[in-house]
Amino acid sequence: MTETENIVVGISIGDLNGIGGEIVLKTFEDARILDFCTPVIFASFKVMTFYKTHFKSEINFNSIKDLDQITAGKVNVFNCWNDPVKIEFGKEDVTIGTFAIKSLEAATKALKEGFINVLVTAPINKHNIQSEAFKFPGHTDYLAQELEGESLMFMINDRLRVGLLTDHVPVKDVANHITPKLIEQKINTVYESLKKDFKIQKPKIAVLGINPHTGDNGVIGHEDDDVLRPTLQKIKESGKLVYGPYAADSFFGSNNYKNFDAIIASYHDQGLIPFKTLSFGQGVNFTAGLNKVRTSPDHGTAYEIAGKGVADENSFKEAVYSAMQIFKNRTDYEELTANPLKKASRSERR
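To keep things clear, this report deals only with the structure shown in the data block. No experiment lies behind these values; they were computed from the predicted model shown.

### Notes on the nonpolar core
Right, on to step 1. Of all hydrophobic cores here, the largest spans 69 residues; its most connected members are Leu16, Phe28, Ile41, Met48, Phe154, Ile183 and Phe316.
Right, on to step 2. Excluding residues within four positions of it along the chain, Met48 makes contact with Ile13, Leu25, Ile41, Ala43, Phe61 and Val77.
Right, on to step 3. Core analysis: the next-biggest nonpolar cluster, separate from the first, contains 23 residues, Leu104, Ile116, Phe136 and Leu290 among them.

Okay, structure coming up:
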């Protein structure tokens, strides 16, 4: 069995009081998915058994204490802790936050060491995970430190891909963060990801303006004319198909987004509001630019419905499928681009 035939998918369990456990169970209850991947849930057997009982699931777990024990064809649970856990659905709890971090850290370590091929993260609560030892706004920032590369939040589905110049940055600070260096870095990350992770040979990218109406010739701000526009022109001259800046208010409503392989928004809500409006429940958050593949669903902990058995698992399931597909695409790309001179000489001999 090769890596691409049965991909090992690591899963960090997220906030135990949220919907993470439920959507993980629902995703892997259909045993047919085990023909394509081997899931490893980073939590504890006791916690997953609690979820199984609460949600009346018929799923069977393979409890392991060593990652060498991962078994294909099984839903593996790697025990990250032995502590008793009091789960109270819908409640924000600092103690529960510490378990979310234990899961994330263990899964990330396994990813770095090659025990798992990809990482899919269930939702966390960004507030209750904060501590002296963990001071990151979320998954993306933590993984950017732990893994190699330049990270970028890339929201994806079958029809739409939206990247961000700035992500978890207060609106009042957005313009100051957007520099020529940042713009070039983020566009290059999107460009390379489209080629390697999505098999698009000549990506076409649109960039949204910073200010309303891209500044209206300086009437509503100078950042688009002084920073964004000249940087995009420089990038375009290098041969990349990069267009913009476009006024964000009409870009999606006019269906202009359908003309591009990816759209890069200047800040979080400018990109995520239209993305989630067009694809909520089917979208995936992919951390592009890193040397390992990580995806997550496009929603949060959903405390208001936690424990009720009504959570929709489709976004999480799509995150699993996307992680596997990106891993396969990336593997194919690496094989195709490895030793091109050697391959050429072989071809000539034929």
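### Some remarks on the side chain of Thr121
Right, on to step 1. Tracing the backbone shows Thr121 in strand E5 (residues 118–121).
Right, on to step 2. Residue Thr121 is classed as buried on the basis of its relative accessible area, which comes to 0%.
Right, on to step 3. In terms of polar contacts, Thr121 uses its side chain to reach the side chain of Arg294, at 2.9 Å.
Right, on to step 4. Look past the residues within four positions of Thr121 in its chain and what remains in contact with it is Ser12, Leu104, His139, Arg294, Thr295, Ser296, Pro297 and Phe316.

### Notes on the packing of helix H6 (residues 180–198) against helix H7 (residues 223–237)
Right, on to step 1. Two numbers describe how H6 lies on H7: the axes approach to 10 Å, and their chain directions differ by 45 degrees. By the criterion of interaxial angle, the relationship of H6 to H7 is oblique. Here H6 runs over H7; the crossing is right-handed. Across the interface between the two elements, Pro180, Ile183, Glu184 and Ile187 of H6 pack against Val227, Leu228, Thr231, Leu232, Lys234 and Ile235 of H7.

### Digging into the state of the cysteines
Right, on to step 1. Counted by the stated rule, this structure contains zero disulfides.
Right, on to step 2. Take Cys37: it sits in no disulfide, and the sulfur closest to it among the cysteines is that of Cys80, at 18 Å.

### Side note on the pairing of strand E12 (residues 293–297)
Right, on to step 1. Of all five residues making up E12, five are buried, and the element is well covered by its neighbours.
Right, on to step 2. The alternating pattern of E12 places Val293, Thr295 and Pro297 on one face and Arg294 and Ser296 on the opposite face, and all of these are buried.
Right, on to step 3. For E5 and E12, the ladder comprises three bridges, and the chain directions are parallel. Across the sheet, the residue bridging to Leu119 is Arg294, located in E12.
Right, on to step 4. Inspection of the sheet shows strand E11 (residues 284–290) paired to E12 by three bridges, in the antiparallel sense. Paired with Asn285 across the bridge in E12 is Ser296.
Right, on to step 5. Between E11 and E12, which pair antiparallel one after the other, the connecting turn spans two residues.

### Some points on the environment of Pro180
Right, on to step 1. Relative to the assigned elements, Pro180 resides in helix H6.
Right, on to step 2. Residue Pro180 is classed as partly exposed on the basis of its relative accessible area of 40%.
Right, on to step 3. The contacts of Pro180, once residues within four sequence positions are left out, are Val227 and Thr231.

Reading the values: the criteria
Residues numbered from 1 in each chain as written. Predicted model: local features only at pLDDT ≥ 70, side-chain atom pairs only at ≥ 80, totals over all residues. Heavy atoms only, no water. Core = buried A, V, L, I, M, F, W, Y, C linked by side-chain atoms within 4.5 Å. Buried < 20%, exposed > 50% of the residue type's maximum accessible area, 1.4 Å probe, protein only. Contact = heavy atoms within 4.5 Å. Helix = DSSP H or I, 4+ residues; strand = E, 2+ residues; numbered from the N terminus. Polar contact = N/O pair within 3.5 Å; in protein donor to acceptor, adjacent residues only side chain to side chain. Axes fitted to C-alpha atoms, helices over the stretch in contact; angles between N-to-C directions. Parallel < 35°, antiparallel > 145°, perpendicular 65-115°, else oblique. Left-handed = near helix turned anticlockwise from the far one by under 90°. Disulfide = S-S within 2.5 Å. Pairing = 2+ DSSP bridges.

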